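Structure at a glance
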Amino acid sequence: MNRQKLLSSIPAVNDFLAAEQADRIINKYSRTRFLKTLRSELEKIRQIILAEKAEMEETDIDCQELKVGEILISVSKRLEAEDNEGLKRVINAGGIILHTNLGRSLLPENALNKVKEIAAEYSSLEFDLENGERGYRYKRTKQLLRDLTGAESAVVVNNNAAAVMLVLKTIAEDREVIIARGEMVEIGGSFRIPEVMESSGAILKEVGSTNKVYLKDYLTAVGEKTGALLKVHTSNYRIQGFTHSVSAEEMVKAAHQHDLVVIEDLGSGILFDLSEYGLPEEPTVKEEILAGIDILTFSGDKLLGGPQAGIIVGREKFISQIEQHPLMRALRVDKMTLAALEETLKLYYNLEEALQKIPTLKILTEKAEKAKIRAEKLKAKIEAPAGVKFTIIESEAKVGGGAYPLNTFKSYALAVETGDLSPEKFVYKLRQLKTPVISRIQNELIIFDLKTVFEHQLEELAISINKVLAEVF
Ligand SMILES: *Cc1c(COP(=O)(O)O)cnc(C)c1O
């Protein structure tokens, strides 16, 4: 068929609207979306026909493809694919507990319930019920954070990057901030501390060498333009071997003699010592406040196990300055974040309760044997085709989210040997499921780490694995 004839045989919009199949699509996706997608599909067909070489009489498109029914199937598929985009729940069998790309910490149930309650109806977000006047958004959070960290005051912004920027802008805009070279870290997503600092208008003054910094390095750098000393927790990497750094106490003592402010970006920020649960020792927020740090920032959705937030704690004098900065309004958190954060923080009054009810802490401190039991249960549910071998192996889970970078946690995984088939194809298919499964490949084996998989997900995970196995083999 020639080009002109093909073009004129494309059905008109009304032909589609008359089809019964169209009613079903319109009911499901709305008339507007149907028409928009249909027009775009028809335009695509037109372009394909026009793109055929002029001298060619025959085209790749045949009349079959120009039938109303066929085109409606394409339209329906496109709409379905569109709806399938966006945020999705996934099963994390990759073994990284705080994976930034997978949404970091999982909220405790009481936090979820509170979010639902507060978001679905009006709330006292900024309303003082005592006198019926405008209230203060951060009243309860401030109180909780004071209690749990020992700081004089606190405030919350959108995330820790925002917290660092806001603190520097308020305290040290156009002034020098002294920082050790070994602490100028990149925190992921090509996001670097030096760049955050510069965007705040503070002027970086680097001291020391990559592996060593001494108090005298900081003191030599102090001058008329100095606005603050900054300590950054090198969350996601460690310098080992021939090293030296300056403790919070030392730095505070020297800085205060010169009337200088000490700011610390603690990154993950833990509220209590997790070392008795087998985790490496890390400074807690309370210890750093006790050491005299003036302003300290950390994330809400890393080891704290709450919603995304940047928590700023420290001296009343500085926190109130920060709160009055115009940028504070741009960086403030919404009621859902506050609801979740308040409820998460409340759990910390009872450590045993926190370890049970805050999923991040529960996963982190759970014994490896529990993961082994889950691995065995999962294995029992798998229908292994011939030539595919399933074994339970010891595995190493990681914290992620820029915490405990050198440490791995003993865990157990289901390992799959796929023989001739490439493991990439298998893990790709797992990611394309309605509820995607995230696994990892290690030494040609597909690894399903059970550290980050919950008991209630085992059935669903097994069904997904069986489904992909049946498709691939
Ligand atoms: C993770 C991290 C940040 C960024 O925190 P967000 O909450 O992701 O904005 C900043 N500094 C350090 C040291 C970190 O580890």
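Residues numbered from 1 in each chain as written. Predicted model: local features only at pLDDT ≥ 70, side-chain atom pairs only at ≥ 80, totals over all residues. Heavy atoms only, no water.

**Quick word on the UniProt feature "domain: L-seryl-tRNA selenium transferase N-terminal" (unreviewed entry) in the chain**
Under the convention used in this document: UniProt positions are given in the numbering used here, feature names are shortened, and annotations may be inferred rather than shown by experiment. Think of it this way: any DSSP run of H or I at least four residues long counts as a helix, any run of E at least two long counts as a strand, and we number them from the N terminus.
Taking the UniProt record as the reference, the feature "domain: L-seryl-tRNA selenium transferase N-terminal" (unreviewed entry) is found at residues 7-46. For the annotated span residues 7-46, helix accounts for 82% and strand for 0% of the residues, and the straight-line distance between the end C-alpha atoms is 7 Å.

**Quick notes on the UniProt feature "modified residue: N6-(pyridoxal phosphate)lysine" (unreviewed entry) in the chain**
Just so we agree on the cut-off: The rule is simple: take the accessible area with a 1.4 Å probe, protein chains only, and divide by the maximum for that residue type; under 20% is buried, over 50% is exposed, in between is partly exposed.
UniProt feature "modified residue: N6-(pyridoxal phosphate)lysine" (unreviewed entry): in the numbering of this structure it lies at Lys302. You can see Lys302 is positioned in the loop between strand 10 (295-299) and strand 11 (310-314). You can call Lys302 buried: its relative accessible area is 10%.

**A closer look at the sheet that holds strand 6 (residues 176-180)**
This is how it is decided: Pairs of strands are assigned from DSSP output, requiring at least two bridges between the strands. Every axis corresponds to a line fitted to the C-alpha atoms, with the helix fit spanning only the stretch in contact, and the corresponding angles, defined between N-to-C directions, vary from 0 to 180 degrees.
Spatially, the seven strands line up as an open sheet ordered 5-11-10-9-8-6-7, and their pairing is mixed. Edge strands, defined here as strands with exactly one partner in the open sheet, are strand 5 (153-157) and strand 7 (203-207). Taking the axes of each pair of neighbouring strands and ignoring which way they run, one obtains an average angle of 25° across the sheet. Pairing geometry for strand 6 and strand 7, over five bridges, is parallel.

**Re the domain arrangement of the chain**
Inclusion rule: Here the limits of each domain have been adopted from an automatic or database domain assignment.
Taken domain by domain, the chain consists of domain 1 (3-83), domain 2 (91-100 + 363-472) and domain 3 (109-357). In this structure, domain 1 and domain 3 have C-alpha centres spaced 55 Å apart.

**Considerations on the pairing of strand 9 (residues 261-267)**
Buried residues dominate strand 9, accounting for seven of its seven residues. Side chains Val261, Ile263, Asp265 and Gly267 project from strand 9 onto one buried face, and the interleaved Val262, Glu264 and Leu266 project onto a second face that is buried too. Inspection of the sheet shows strand 8 (residues 226-232) paired to strand 9 by five bridges, in the parallel sense. Bridged to Lys231 within strand 9 is Glu264. Where strand 9 lies against strand 10, four bridges are found, and the strand directions are parallel. Considered in strand 10, the bridge of Gly267 is made with Phe298.

**Points about the layout of surface pockets**
Threshold: Here a cavity means grid points, on a 1 Å grid over the protein atoms only, where a 1.4 Å probe fits yet cannot get out; a pocket means an open set of points with protein on both sides within 12 Å along at least five of seven lines; lining residues are those with an atom within 4 Å of a point. Grid points are joined across faces, edges and corners, and a volume is the space filled by probe spheres set on the points.
Space inside the largest pocket adds up to approximately 1300 Å³. Ser105, Leu106, Leu107, Pro359 and Phe454 are the residues nearest the centre of the largest pocket, which is lined by 47 residues in total. At the level of elements, strand 1 (91-92), strand 2 (96-98), helix 6 (109-120), helix 15 (335-347), helix 16 (351-357), helix 17 (359-365) and helix 18 (368-380) are the ones that each hand at least two residues to the lining of the largest pocket. Sorting elements by how many residues they give to the lining of the largest pocket places helix 17 first, with five residues.

**Some details on the packing of aromatic side chains**
Spelled out, the test is: Any two rings among Phe, Tyr and Trp, with Trp reduced to its six-membered ring, count as a pair given centres within 6.5 Å; such a pair is stacked if its planes are under 30 degrees apart, edge-to-face if over 60, and tilted if neither. Whether a charge sits over a ring depends on NZ of Lys or CZ of Arg being within 6 Å of the ring centre and within 35 degrees of the ring normal.
On inspection of all chains with the given rule, the structure shows two aromatic pairs. Taking 6.0 Å as the distance between ring centres and 70° as the angle between the ring planes, the aromatic pair formed by Tyr136 and Tyr138 counts as edge-to-face. Its relative accessible area of 5% is what places Tyr138 among the buried residues. Seen in terms of ring centroids, Phe272 and Tyr348 are 5.9 Å apart; in terms of plane orientation they differ by 65°. Their pairing is edge-to-face. Residue Phe272 is located in the loop between strand 9 and helix 12 (285-290), and its partner Tyr348 is located in the loop between helix 15 and helix 16; the two are separated by 76 residues in the primary sequence. The cationic tip of Lys216 hangs over the ring face of Tyr214; the distance from NZ or CZ to the ring centre is 4.6 Å.

**Notes on unusual backbone geometry**
Residues other than glycine seldom take positive phi values, yet Ser30 does so here, at roughly 85°. Even without a glycine there, the phi angle at Asn443 is positive, about 50°. On the basis of relative accessibility, which here comes to 69%, the residue Asn443 falls in the exposed class.

**Overview of the pattern of salt bridges**
What counts is decided by this rule: Any Lys or Arg side-chain nitrogen found within 4 Å of a carboxyl oxygen on Asp or Glu counts as a salt bridge.
Inspection of the entire model under this criterion finds 25 salt bridges. The partner of Arg181 in a salt bridge is Glu206, with the nearest N and O atoms 3.0 Å apart. Taken as a pair, Arg181 in the loop between strand 6 and helix 9 (193-199) and Glu206 in strand 7 lie far apart in primary sequence, 25 residues in all. Overall, the relative accessible area of 37% leaves Glu206 in the partly exposed class. Linked through salt bridges whose partners overlap, the residues forming this network are Glu126, Arg134, Arg137 and Arg332.

**Here's the deal with the nonpolar core**
What counts, and what does not: Among buried residues, the Ala, Val, Leu, Ile, Met, Phe, Trp, Tyr and Cys ones that are joined through side-chain atoms within 4.5 Å form a nonpolar core. Contacts between residues were defined by any pair of non-hydrogen atoms, one from each residue, lying within 4.5 Å.
If you look at the biggest cluster of nonpolar residues, it comprises 85 residues, and the most contacted ones within it are Tyr218, Ile263, Ile295, Phe298, Ile312, Val313 and Tyr348. Counting the residues that make up this core, at least three belong to each of domain 2 (91-100 + 363-472) and domain 3 (109-357). Every residue in contact with Tyr218, bar those within four places of it in the chain, is listed here: Ile178, Ala180, Glu183, Val207, Val213, Leu229, Val246 and Met251. Counting 29 residues, the second-largest nonpolar core is a separate cluster that includes Ala375, Phe448, Leu458 and Leu469.

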